[in-house]
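Report on the structure
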Amino acid sequence: MINKRLFASTLLLLTSFSLINAQQISLDYYLPDNVQYNPDIPTPKSIIGHEVGEWHITHDKLVMYMRAVAEASERITIEEIGKSHEGRPQVLLTVTHPINHIGIDKIRSDHSWLTYPNEAEKFDVEKMPSVVYMGYSIHGNEPSGSNASLLMAYYMAAAEGPEIDNALRNSVVLIDPSFNPDGLTRFSTWANMHKGKKVNPDPNDREYREVWPGGRTNHYWFDLNRDWLPVQQPESQNRIAKYHEWKPNILTDHHEMGTNSTFFFQPGVPSRTHPLTPKLNQEMTGKIGEYHAKALDSIGSLYYTKEGYDDFYYGKGSTFPDINGGMGILFEQASSRGHAQESVNGILKFPFTVRNQFTTSLSTWAASIAMRVELLEYQKDFYKRALREADGDSHKAYIFKAEKDPARAFHLAEILDRQEIDFYRPSRRIRLEGEEYLPDNSYIIPLKQRNYKIIKAMFEQRTTFEDSLFYDISGWTYPMAFNMEYHEMSSRDYGRNQLGDKIEELEFPKGEIVGGQSNYAYAFEWHGYYAPRAAYKLLSKGVRLKVSTNKFIGPDEKEFDRGTILIPVAGQSVSNFDLFEMMKDLTQSDALDVHALNTGLTGGVSLGSNSFSTLEKPEVALIVETGNSSDIGEVWHLLDTRMDMYATKLRADRIGSNVIDRYTTIVITGGLNLNEGEMNNLKRWIRNGGTLIGIGSAVSWMSRNKLTNLKTVRPDAPSSEAISYDQITNYVRGQNIPGGVYMSELDLSHPLNFGYHKELLPTFRRGNTIIEPSESKFANPGKYTETPLISGWISDANLETLKGTSTVRVSALGNGRIVSLVDNPNFRAFWYGTNKLMMNAIFFGRLVNRVSAQ
């Protein structure tokens, strides 16, 4: 039997495609019927020069229109909340009734007080507006959202009538027209430059095949929709500050998906919701979804919900609000990836995708008005319940430090600060399970505070799950990511009298010169996060450096660890005074203690020993235009923004030329398609002393292409006997490792582990590349422990196979070395704890003894 409703919807959809092909798009195509519009408000076309959907909006024109509509309407104000990496403005519109604008600061303040349980009852939610944050196109090549923001701004400024007036009085809508200015610019340029007078919907056309890296990511090729919790990118930092200023009741996150899809809105798969998210959140998200369904029905658009997508990882825009007392709403629109493209549903035109995003923006606004009191009551109760849950939690606080690296602890504290979490210095020394926490190197986070849920989301270790499938990662414990010494404090361990000064303003830690000016040598240990930056800075200024491969004893019985950098005073190209000034600068800029050494007769090994190797300035090339851009982008970001190092982005086809001879190090993060000549040239470069670093899937590629002799292993697949046909995809996905925290153990004497002072190192693992350990104990600088799982989901078979396998291996080829980093040490820029593995591979790869390189 024919489903009449489905047939009618499909017919209407195809009819709309035909109409779009047959005539010019006008504003009437998008706007609701029977609404009058203020003629004094400029239409998008009057400012940007084309109708919405005719061309892809460029970021400069998008901002131009937002400024124009704000200037023309007393309902709208606009502010610049920051700039992207490339200096593009991030703007935010505040839209409400003019009367509300008069007292907008008080409205914002009152709304924020609802998140403080001890103050919330003073406010009458019956008289308060709802707050909605509408955010568009965090993936720049999913542009229908940003183009729809033009329509939303126009509609909210120009639409007239009692219903509109009532909606404006009872809501504050924040419009963020472009979450990702740089990515949107990259994609709109691509799509527009390929548009012909006659739009070609052939999916093989170049318009629908972006060149690498595409417009999805930001300047450094980061996926900004994974950065809401760690807030490592400036676009995220600017947005999160404004988010917390308002604490919206609803946040919309407008995306696109495959061309042959339809339209998705949340909630996602019920069994894949994070346990910290209240069940009522999902129920109310479902209730909001009824408004979307009604709106999409009215224009004949197909859609689905509660399938495919989940609400688990809190680093996404649609899930982040769920631990902040609000509702995150994901919209996924089938993408035209240009101006029009053939699909199984007919020719998918760009204006159609924009209309769906605009329509669901309107339905979100309608839901926020109809559910206003319910949303505000939920928000108020969310924070009350958080305090009650904190009371019932067996843990009362977290305490953490980085024993020999205050900069790393500072950067974790930065995230706490950005997420408005209260934290303190200890009032006195605290000793827990042999670990000593001091007031000057540690931080305490009490759990009983309004942002209890965010703290738990960041610090918990979770290994049990209702479902085994995840849209994104399954574990991300932050103190593990930063390789912190930390403890969960029970009521027996914790008391309020242990809280010292509350941290109101973070200050970057400073080191010191120990021993004053020296006429012989200086030394700093490699433990500090910014030690590589300091070394590169000195090498760039022509200062000669040596690295110790053994421990030695200096003044006052100070033990210097392996990896210590030695700076002799004699024979330098700079004066003694200038060298001392450089040392002082390192203590301030890089949080390092620099020690003056006045004799070469040190304990253990003397400073003139062959145990000190001359350090060469690294010249690094990153192979780009292949594989996942985010993986190599993370390396670029680390070197460029944190270590102040040059990193040349080199196309893979340059590997066949002698241009690679200027580089000491080449980094790859995926498989390469090299011909025989290119592969031979790469091998020649390695034999002559180059260091090739492969990360993640590049490890198996190097093995398959005989650059290394590493052996990959895979567990036996579980039985599929009980699997039905419609579960095949889930069966296959269930055998993958979705991303979590695993414990490795290090050989601290190995150059790739210089700077680590404890044998256990938490790593982030994602994917199924598993490497057999070497039979030689010297060739295993890093291995998984026998109980590796810390946080996240993994199948029993994968977990058993993973035990004792390699995390890091070094192979020799002639005079060169090949470093295999099985796990990504730079994951999403917040995995600070393993960044040192990356830097050690760059600085010390050549130091690895050939005997141990197998």
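Structure shown above.
Read on for a plain summary of the structure. What you see is a predicted model, and the numbers here were worked out from it, not measured in a lab.

1. Some points on the overall build of the protein chain
Per the secondary structure count, the protein chain includes 24 helices and 35 strands. A compact globule built from 854 residues should have a C-alpha radius of gyration of about 29 Å, and the protein chain, at 29 Å, falls within 12% of that. Taken along its principal axes, the extent of the C-alpha atoms in the protein chain is 90 × 70 × 60 Å. Of the contacts formed within the protein chain by residues at least 6 apart in sequence, a portion of 79% connects residues at least 24 apart. Carbon and sulfur atoms make up 47% of the accessible area of the protein chain, which amounts to about 32900 Å² in all. The averaged location of the 103 negative side-chain charges in the protein chain is 3 Å from the averaged location of its 91 positive side-chain charges.

2. Some details on the environment of Pro275
Relative to the helices and strands, Pro275 resides in the loop between strand E8 (263-265) and helix H11 (279-298). Separated by 190 residues in the primary sequence, Pro275 and Phe465 place their C-alpha atoms 8.7 Å from one another. Residues in contact with Pro275, not counting those within four places in the same chain, are Phe312 and Arg462.

3. So, the pattern of salt bridges
Evaluated as defined, the whole model comprises 50 salt bridges. The residue Arg88 makes a salt bridge to Asp182 at a minimum N-O spacing of 2.9 Å. Of this pair, Arg88 sits in the loop between strand E2 (76-83) and strand E3 (89-95) while Asp182 sits in helix H9 (residues 181-193); the two residues are 94 residues apart in sequence, bridging distant segments of the chain. Note that Asp590 is salt-bridged to Arg533, the shortest N-O span being 2.6 Å. With Asp590 in the loop between helix H18 (576-589) and strand E25 (594-597) and Arg533 in helix H17 (residues 531-540), this pair connects stretches of sequence that are 57 residues apart. Assessed through its relative accessible area of 1%, Asp590 is described here as buried. Using a relative accessible area of 12% as the deciding quantity, one classes Arg533 as buried.

4. Looking at the sheet that holds E8
With mixed pairing, seven strands are arranged side by side in an open sheet as E2-E3-E6-E4-E7-E9-E8. Unpaired on one side and paired on the other, E2 and E8 mark the two borders of the sheet. Direction aside, the axes of adjacent strands within the sheet are offset by 20° on average. Taken together, the six bridges between strand E4 (residues 130-136) and strand E6 (residues 171-176) define a ladder with parallel strand orientation. By the bridge assignment, Tyr133 is partnered in E6 with Leu174.

5. Quick look at helix H20 (residues 676-687)
In this model H20 runs 16 Å from its N-terminal to its C-terminal C-alpha over twelve residues, within 8% of the 16 Å that 1.5 Å per residue would give. Within the sequence span of H20, burial applies to Glu678, Met679, Asn681, Leu682, Lys683, Trp685 and Ile686. Taken together, the buried residues of H20 touch strand E29 (665-668), strand E30 (691-695), helix H21 (697-704), strand E34 (806-813) and strand E35 (816-821). A positive phi of about 120° marks Gly689, the residue just after H20.

6. Topic: the sheet that holds E29
Strands pair in a sheet through their backbones, by hydrogen bonds, and they do so in one of two ways: parallel or antiparallel. Across the sheet, which stays open at both edges, the nine strands sit in the order E28-E27-E29-E30-E35-E34-E33-E31-E32 with mixed pairing between neighbours. Pairing within the sheet leaves two strands with one partner each, and these edge strands are strand E28 (647-651) and strand E32 (760-765). For this sheet, the mean angle separating the axes of adjacent strands, direction not counted, is 25°. Pairing geometry for strand E27 (residues 620-624) and E28, over five bridges, is parallel. In the sheet register, Leu622 faces E28, and the bridge partner there is Lys649. Across the sheet, helix H19 (residues 629-642) lies against E27, E28, E29 and E30, angled at about 155° from E27, the strand it touches most.

7. Some words on the pairing of strand E12 (residues 395-401)
For E12, a buried count of five out of seven residues is recorded, marking the element as mostly surrounded by other parts of the structure. Both E12 and strand E16 (residues 442-446) contribute to a ladder of five bridges, which runs antiparallel. Paired with Ala397 across the bridge in E16 is Pro446.

8. Some points on H9
Here H9 is 13 residues long and its end C-alpha atoms lie 18 Å apart, about the 18 Å a rise of 1.5 Å per residue gives. For H9, the tally of buried residues reaches ten of 13 residues, placing the bulk of the element in the interior. When H9 is considered as a whole, its buried residues turn out to be Pro181, Asp182, Gly183, Leu184, Thr185, Phe187, Ser188, Trp190, Ala191 and Asn192. Where H9 is buried, its residues touch helix H3 (59-72), E3, helix H7 (144-158) and helix H10 (234-246).

9. Quick word on the packing of aromatic side chains
For the structure shown, the criterion picks out 49 aromatic pairs. Note on Trp113 and Tyr116: the rings are 5.0 Å apart at their centroids and 55° apart in plane angle, and the pair reads as tilted. Between Phe312 and Phe470, the aromatic rings sit 5.1 Å apart at their centres with planes inclined by 75°, giving edge-to-face as the arrangement. Taken together, the residues span a long stretch of sequence, with Phe312 in the loop between H11 and strand E9 (327-334) and Phe470 in the loop between helix H15 (452-459) and helix H16 (478-481) at a distance of 158 residues. Exposure class is identical for Phe312 and Phe470. Each is buried. Members of the aromatic cluster, each reached through a chain of ring pairs, are Tyr398, Phe400, Phe423, Tyr443, Phe459 and Tyr486.

10. Here we look at the environment of Glu283
As for its position among the elements, Glu283 is in helix H11. Given a relative accessible area of 55%, Glu283 falls into the exposed group. Taking the C-alpha atoms as reference points, Glu283 and Gln419, 136 residues apart in sequence, are found 26 Å from one another.

11. Some words on the environment of Phe312
On the basis of relative accessibility, which here comes to 5%, the residue Phe312 falls in the buried class. A sequence separation of 183 residues divides Phe312 from Gly495, and the C-alpha atoms of the two residues are 33 Å apart. Not counting chain neighbours up to four residues away, the residues in contact with Phe312 comprise Arg272, Thr273, His274, Pro275, Thr319, Phe465, Phe470, Ile473, Ser474 and Trp476.

12. Here's the deal with unusual backbone geometry
A negative phi angle is the norm for most residues apart from glycine, just as the trans form is the norm for most peptide bonds. A cis geometry characterises the amide bond from Trp212 onward to Pro213, with omega recorded as 5°. With respect to the element layout, Pro213 can be found in the loop between H9 and H10. Omega for the peptide link from Gln266 to Pro267 comes to 20°, which places this bond in the cis form. Phi at Asn483 is positive, roughly 55°, even though this residue is not glycine. Along the polypeptide, Asn483 turns up in the loop between H16 and strand E17 (485-490). The phi torsion at Glu557 lies on the positive side, around 60°, for a residue other than glycine. One can find Glu557 in the loop between strand E22 (552-553) and strand E23 (559-560).

What counts, and where the lines are drawn
Each chain carries its own residue numbering, running from 1 in the direction its sequence is written. The predicted nature of this model means local features are confined to residues of pLDDT at least 70 and side-chain atom pairs, given and counted, to a pLDDT of 80 or more, with totals for whole chains, interfaces and linings taken over all residues. Think of the side-chain values as coming from all heavy atoms in the structure, minus any hydrogens and water. Strands here are runs of E lasting at least two residues and helices are runs of H or I lasting at least four, both read from the DSSP assignment and numbered beginning at the N terminus. Throughout, the radius of gyration refers to the C-alpha atoms, and the reference size of a globule is 2.2 Å times the residue count to the power 0.38. Note on contacts: a residue pair is in contact if any heavy atoms of the two residues lie within 4.5 Å. To measure how exposed things are, a 1.4 Å probe is used in the Shrake-Rupley method; for residues, cover is taken only from the protein chains shown. The charge count treats Lys and Arg as positive and Asp and Glu as negative. His and the chain ends do not count. Taken as the charge location is NZ of Lys, CZ of Arg, CG of Asp or CD of Glu. Just to be clear on terms, a salt bridge is a Lys or Arg side-chain nitrogen sitting within 4 Å of an Asp or Glu carboxyl oxygen. Each residue gets one of three labels from its accessible area relative to the maximum for its type: buried under 20%, exposed over 50%, partly exposed in between, using a 1.4 Å probe on protein chains only. Two strands make a pair as long as DSSP finds a minimum of two bridges between them. Every axis corresponds to a line fitted to the C-alpha atoms, with the helix fit spanning only the stretch in contact, and the corresponding angles, defined between N-to-C directions, vary from 0 to 180 degrees. How far a helix is expected to stretch is found by multiplying one less than its residue total by 1.5 Å. Centres within 6.5 Å are what make two rings of Phe, Tyr or Trp a pair, Trp counting through its six-membered ring; a difference in plane orientation under 30 degrees is then read as stacked, over 60 as edge-to-face, and the rest as tilted.

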